[in-house]
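Here are the chains, one letter per residue:
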Amino acid sequence: MHMRFFMREKKKAGGSPGNISWISVGLMRLKEGVLKTVRGTVLPLLMRPESDADELQRAAEQKMKTFERNVHGVPYVLLYPDGTKITNIPGTEVPFTLNEYKEVVGKAYQRITLYICTAEDFFTSSQETSSESNSSDSEVIIMSPTSAEFNAADTLVWEPAESGSDSAAPVLFSDSQEGPGTSGGVLETACYRVDQQSLSEITANLALEIDHRAVSRFNICRSNIWDGAVRGFKRATFSEKKDILVKFSDDEGRFEEGLDTGGPKREFLSLLMKELNKRPIFDGPVESRYLVYNSTAFREDEYYLAGKMIAVSIVHGGPGPNFLSEDLVNYISGQSSFKASVGDITDEEIGKVLQEIQNSPLVEILQDLMIRNSAMLQTAGCFRHVRSCEEKKMIVEDYLKWYIIHRNNTAIERFKAGLESLQFLTALQQHPTVLTPALYHADVKLSAAEMENRFQPEFSQQGSNRRAQEEKAMSYWADYLLDCEENDNSVTLEEVLMFATGVPCVPPAGMSPLPRLQFLCSMSTFPMANTCANILKLPLLDSYRAFKANTNFGINNSPGFGCL
């Protein structure tokens, strides 16, 4: 049996022409009589700077039809962010071209977002706007074109006009900060509040710094992920602002067919986060790791490297580490919360002493413990004369803070320097409640229902013989997911998702493109996946028993799962 029948497909990468630029396109829909942007629909689009409105509209429609199921073959209209139709450059009689618009708005191409909506929604909105403007009691609000465009773009944070390079970094503001030339009150009402942004929106904003026309190359062997990753990150030509191109070799050293920047990149970043958890720079429970000073690792600058790897993984569409201590993450993000317990201490002797202090029933016993362990407590600055048994709680908490945070401060600061890559640390400190869950372990598992809803099937024509086979396969698929969820299977839901997309969980940046289900011909009896396009292909088999056995065999023998 040929292994390629159930291995993930690879998609060869092609080079991008030089005279093209990335912009973004999204959807607008009519809601309560007003055109509003549809969150989560913004996609990158590669266009020539001299593209006119017609060319851009055709490309935007094609892009949306490829990735959005609700975009159909009805007429569409190309819109500016304020919902006006794109014909001329705003405020002029100059016909629209992408480069002319860029010069007028003063934005880098990567920060330009335009929209499409159905012609029906556009004309309905225009009629209602016209009707409202003719009403005798209408409220008239006067705003500049810049403000109008800004208010309509509800998925973007406020940003000043750029002066200089097209690759200028995005600027993020917290609630208490003011943009140049604004007062606190104006900023509050004029821009989309940062604390309303979702995790995927913040990540997408950080990803604007990535130049998709340049790549940093990684040559990875799955049996030694860490070694290949370190070589790649330390290469003189590496830049976190370049896209990542991963080339896997198998364990015998033969190169697998194909290169791409989608599935293999996500798989590499997933395996890298798994390897990072095992490094000697971390200590503590496997799902709640904190940094610990290691002289060898410090000389090799591994703390900085680890921080950079995490920032790059999240911003480039991979998973977060999902294993860091919540106390460590809170400290790095500037939050004061600290909830460590004695169970977080891996040193048995220290843990035993702290447990005895914590359980001491009488002040005399507590005083005796303090004296007997004075050297240990003095090192942490916790030794004191106690007058009541209630002080034991504060003593243990102070020691835990020293043990987990303060004694490792040098390592933590270097780790934070790595997290500054792609402005991730800045975003983390400005949006702690949104971003911190991407770093520490959250006990939220995938469910069968979520997986079933996430993968949308592509059926054959209704009434055909093949459609009947596909519907039977869908019932097998639903039962297979339930078996995975109920631990009645050798494969987990996380492994199914990894097989299909290259990530074992939904990454902070979200899934793009949206996962889909396709069906194989009757000659193919094992599942296949295109991780570049997030497509899982199911076999059409006569029994659930065969479906389950073949799907398990295909996933368990897929590249990369020996490392998970």
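Just so it is clear, the structure is predicted and the values come from calculations on it, not from any experiment.

Visitor: Got a sec to walk through unusual backbone geometry? Specific residues and values, please.
Guide: A cis geometry characterises the amide bond from Ser-512 onward to Pro-513, with omega recorded as 0°. The topology assignment puts Pro-513 in the loop between α21 (493-501) and β12 (516-519). Its identity is not glycine, yet Glu-32 carries a phi of approximately 55°, on the positive side. Inspection of the secondary structure puts Glu-32 in the loop between β2 (21-31) and β3 (34-37). Backbone geometry places Asn-487, a non-glycine residue, at a positive phi of 60°. Mapped onto the elements, Asn-487 comes out in the loop between α20 (465-485) and α21. Judged by relative accessible area, Asn-487 falls into the exposed class, the value being 67%.

Visitor: Which residues make up helix α1 (residues 53-67), and what values do they have?
Guide: For α1, built from 15 residues, the straight-helix expectation of 21 Å at 1.5 Å per residue is met to within 8% by its first-to-last C-alpha distance of 21 Å. The inward-facing, buried residues of α1 abut β2, β4 (43-47), β5 (76-79), α2 (98-105) and β6 (113-118). The opening residue of α1, the one whose side-chain oxygen lies 3.3 Å from the backbone nitrogen of Asp-54, is Asp-52.

Visitor: Give me the lowdown on the nonpolar core, citing residues and values where you can.
Guide: Judged by nonpolar contacts, the single largest core of 78 residues is most densely connected at Phe-268, Met-309, Tyr-399 and Phe-424. Looking at this core element by element, the count peaks at nine residues for helix α10 (residues 302-315). Excluding residues that lie within four positions of it along the chain, Phe-424 makes contacts with Leu-206, Ala-311, Ile-314, Val-315, Leu-419, Leu-435 and Leu-439.

Visitor: Tell me about α20, and name the residues and values.
Guide: Under the 1.5 Å per step criterion, the end-to-end length of α20 is 31 Å for 21 residues, consistent within 8% with the ideal 30 Å. On its buried face, α20 is in contact with α19 (448-454), β11 (456-457), α21, β12, β14 (535-538) and α22 (544-556).

Visitor: Residues and numbers for the pattern of salt bridges, please.
Guide: Going through the model one piece at a time under the given rule, you end up with 24 salt bridges. Ionic pairing is found between Glu-302 and Arg-279, a salt bridge with its closest N-O pair at 2.9 Å. Of the two residues, Glu-302 sits in helix α10 while Arg-279 sits in the loop between α8 (263-276) and β9 (282-283), which places them 23 residues apart along the sequence. According to the relative accessible area criterion, Glu-302 is buried, its value standing at 5%. We note a salt bridge from Arg-467 to Glu-471, for which the minimum N-O separation is 3.0 Å. Here Arg-467 pairs with Glu-471, and both are found in helix α20, just four residues apart, close to one helical turn. Residue Arg-467 is classed as buried on the basis of its relative accessible area, which comes to 14%. Residues participating in the shared-partner salt-bridge network are Arg-48, Glu-50 and Glu-55.

Visitor: Kindly report on the packing of α10 against helix α16 (residues 409-419), identifying the contributing residues and their values.
Guide: Running from N to C, α10 and α16 point in directions that differ by 35°, and their axes come no closer than 6 Å. Both α10 and α16 take part in a crossing whose hand is right-handed. When α10 is examined against α16, the residues Tyr-303, Tyr-304, Ala-306, Gly-307, Lys-308, Ile-310 and Ala-311 are found in contact with a partner set consisting of Ala-411, Arg-414, Phe-415, Ala-417, Gly-418 and Leu-419. Split into classes, the residues belonging to the contact of α10 with α16 amount to nine nonpolar, two polar and two charged.

Visitor: Give me the environment of Val-71: which residues, what numbers.
Guide: With respect to the secondary-structure elements, Val-71 resides in the loop between α1 and β5. A C-alpha to C-alpha distance of 8.1 Å links Val-71 and Glu-61, two positions ten residues apart in sequence. Residues within four places of Val-71 in sequence aside, it is in contact with Leu-27, Met-64, Lys-65 and Tyr-76.

Reading the values: rules and limits
- Residues numbered from 1 in each chain as written.
- Predicted model: local features only at pLDDT ≥ 70, side-chain atom pairs only at ≥ 80, totals over all residues.
- Heavy atoms only, no water.
- Helix = DSSP H or I, 4+ residues; strand = E, 2+ residues; numbered from the N terminus.
- Buried < 20%, exposed > 50% of the residue type's maximum accessible area, 1.4 Å probe, protein only.
- Expected span 1.5 Å × (residues − 1).
- Contact = heavy atoms within 4.5 Å.
- Polar contact = N/O pair within 3.5 Å; in protein donor to acceptor, adjacent residues only side chain to side chain.
- Core = buried A, V, L, I, M, F, W, Y, C linked by side-chain atoms within 4.5 Å.
- Salt bridge = Lys/Arg side-chain N within 4 Å of Asp/Glu carboxyl O.
- Axes fitted to C-alpha atoms, helices over the stretch in contact; angles between N-to-C directions.
- Left-handed = near helix turned anticlockwise from the far one by under 90°.
- Nonpolar A, V, L, I, M, F, W, Y, C, P; charged D, E, K, R; others polar.

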